[in-house]
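Below, each chain spelled out in residue letters.
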Amino acid sequence: GASFKEAMAEGQADKVKEAESLATADFEELKAKQEGRRASKRARSLIPTEKDYIECPELTVTMAGSEAVLQEASAPNVLVQSLSGLKALLIKSGFEENIQVLAVFSRGSPSNNVQKVTGFYYRMAGSLEERPLFQWVDLCKEAYKGLKCSDSYIFWSAEQKRWQIGPLKYSALVCNNEDTENLERMEQAWRVLKDDWGSQVGETAPSSAVDGGA
């Protein structure tokens, strides 16, 4: 068809409108592509990379078999003192007496992100990627059955090929690339997301725990 300039010179109003319409469509398509690229760039910036994590040798993940085990592992007193009550309520809620409970804590001064994942994680009945799945749980008098859970889990991410601690749908607060099911015998140190990376992930950690039966 005639260009916009040619149509104007020939006084063809219908072709002028057609040329204008095509130009507008091309502009909107270009604008949409540019916005898509910007959105994609923003999304990538919200995904932490390897350099956004730092090793944390003080971070401990251990099976909470008893108060004595936790004391020997230098667990915080608040975890040691609440273990028996927590297990009793889990059993009362229908779990087996040998329910597996992991304790996550730092033997040093914990960073903000370590504090967000600190606590007990009970092994759920199901699995994820054919690996054990644990969910954060704690005592809460106001909660149903005296227990509260959060959206923080210990799970194997098939996509990232690593163990992660944190929400299932967001980037990990803590991770470990060692491919083993024995979480308390890992040789590699756990790595923690830097506190100054951003607040998008931290907003979903255990501090936002919701009441609910475990």
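Figured I'd write up the structure that's included with this text. (Residues numbered from 1 in each chain as written. Predicted model: local features only at pLDDT ≥ 70, side-chain atom pairs only at ≥ 80, totals over all residues. Heavy atoms only, no water.)

Observations concerning the side chain of Arg162
Then step 1. Tracing the backbone shows Arg162 in strand β7 (residues 162-166).
Then step 2. For Arg162, a relative accessible area of 6% gives the class buried.
Then step 3. A polar contact of 2.8 Å, which involves the side chain of Arg162, links it to the side chain of Gln164.
Then step 4. Excluding residues within four positions of it along the chain, Arg162 makes contact with Glu50, Tyr53, Phe155, Trp156, Ser157, Ala172, Cys175, Asn176, Asn177 and Arg191. (Helix = DSSP H or I, 4+ residues; strand = E, 2+ residues; numbered from the N terminus. Buried < 20%, exposed > 50% of the residue type's maximum accessible area, 1.4 Å probe, protein only. Polar contact = N/O pair within 3.5 Å; in protein donor to acceptor, adjacent residues only side chain to side chain. Contact = heavy atoms within 4.5 Å.)

Structural notes on helix α4 (residues 77-92)
Then step 1. Compared with the 22 Å implied by 1.5 Å per residue over 16 residues, the 24 Å span of α4 between its first and last C-alpha is a close match.
Then step 2. Within α4, the axis deviates most sharply at Leu83, by approximately 45°.
Then step 3. Those residues of α4 lying buried are Leu79, Val80, Ser82, Leu83, Leu86, Lys87 and Leu90.
Then step 4. Tucked into the core, α4 has its buried residues touching α3 (67-72), β3 (101-106), β4 (119-128), β5 (131-139) and β6 (147-157).
Then step 5. Just downstream of α4, Gly94 is the residue with a positive phi angle, here 115°. (Expected span 1.5 Å × (residues − 1). Bend = angle between axes of the 7 residues up to and from the residue.)

As for the pattern of salt bridges
Then step 1. Under the criterion given, the structure shown has 4 salt bridges.
Then step 2. We note a salt bridge from Arg191 to Glu50, for which the minimum N-O separation is 2.7 Å. Of this pair, Arg191 sits in strand β9 (residues 191-193) while Glu50 sits in the loop between α2 (13-45) and β1 (53-55), and the two are 141 residues apart along the sequence.
Then step 3. Since its relative accessible area comes to 12%, Arg191 is described here as buried.
Then step 4. Linking Arg131 and Asp179 is a salt bridge whose minimum nitrogen-to-oxygen distance equals 2.7 Å. Pair noted here: Arg131 is in strand β5 and Asp179 is in the loop between β8 (174-176) and β9, with a separation of 48 residues, a long-range link.
Then step 5. Salt bridges here are not isolated pairs; linked through shared partners, they connect Glu50, Arg162 and Arg191. (Salt bridge = Lys/Arg side-chain N within 4 Å of Asp/Glu carboxyl O.)

Thoughts on the nonpolar core
Then step 1. Among the nonpolar cores identified, the biggest contains 25 residues, and Tyr121, Ile154 and Ile165 are the most heavily contacted of them.
Then step 2. Residues within four places of Ile154 in sequence aside, it is in contact with Leu102, Val104, Tyr121, Pro132, Leu133, Phe134, Trp163, Gln164, Ile165 and Leu183.
Then step 3. Ranked by size, the runner-up nonpolar core spans 19 residues in total, among them Ala73, Ala75, Phe105 and Leu147. (Core = buried A, V, L, I, M, F, W, Y, C linked by side-chain atoms within 4.5 Å.)

Focus: the layout of surface pockets
Then step 1. Within this model, the largest pocket holds a volume of roughly 330 Å³.
Then step 2. Glu159, Gln160, Gln164, Tyr170 and Ser171 are, among the 17 residues lining the largest pocket, the residues nearest its centre.
Then step 3. Contributing elements (two or more residues each) for the lining of the largest pocket: β6 and β7.
Then step 4. In terms of residue class, the lining of the largest pocket is made up of 8 nonpolar, 5 polar and 4 charged.
Then step 5. Empty space within the second largest pocket amounts to approximately 260 Å³.
Then step 6. If you go around the second largest pocket, you meet 18 residues; those closest to its centre are Leu59, Thr60, Val61, Arg107 and Glu184.
Then step 7. Secondary structure elements with two or more residues in the lining of the second largest pocket: β2 (59-63) and α3. (1 Å grid on protein atoms, 1.4 Å probe; cavity = no way out; pocket = protein on both sides within 12 Å on 5 of 7 lines; lining within 4 Å. Points joined across faces, edges and corners; volume = space filled by probe spheres on them. Nonpolar A, V, L, I, M, F, W, Y, C, P; charged D, E, K, R; others polar.)

Thoughts on the pairing of β6
Then step 1. Of all 11 residues in β6, 9 are buried, a share of seventy percent or more.
Then step 2. For β5 and β6, the ladder comprises 5 bridges, and the chain directions are antiparallel. Bridge pairing links Asp138 to Lys148 in β6.
Then step 3. Here β6 pairs with β7 via 5 bridges, running antiparallel. (Pairing = 2+ DSSP bridges.)

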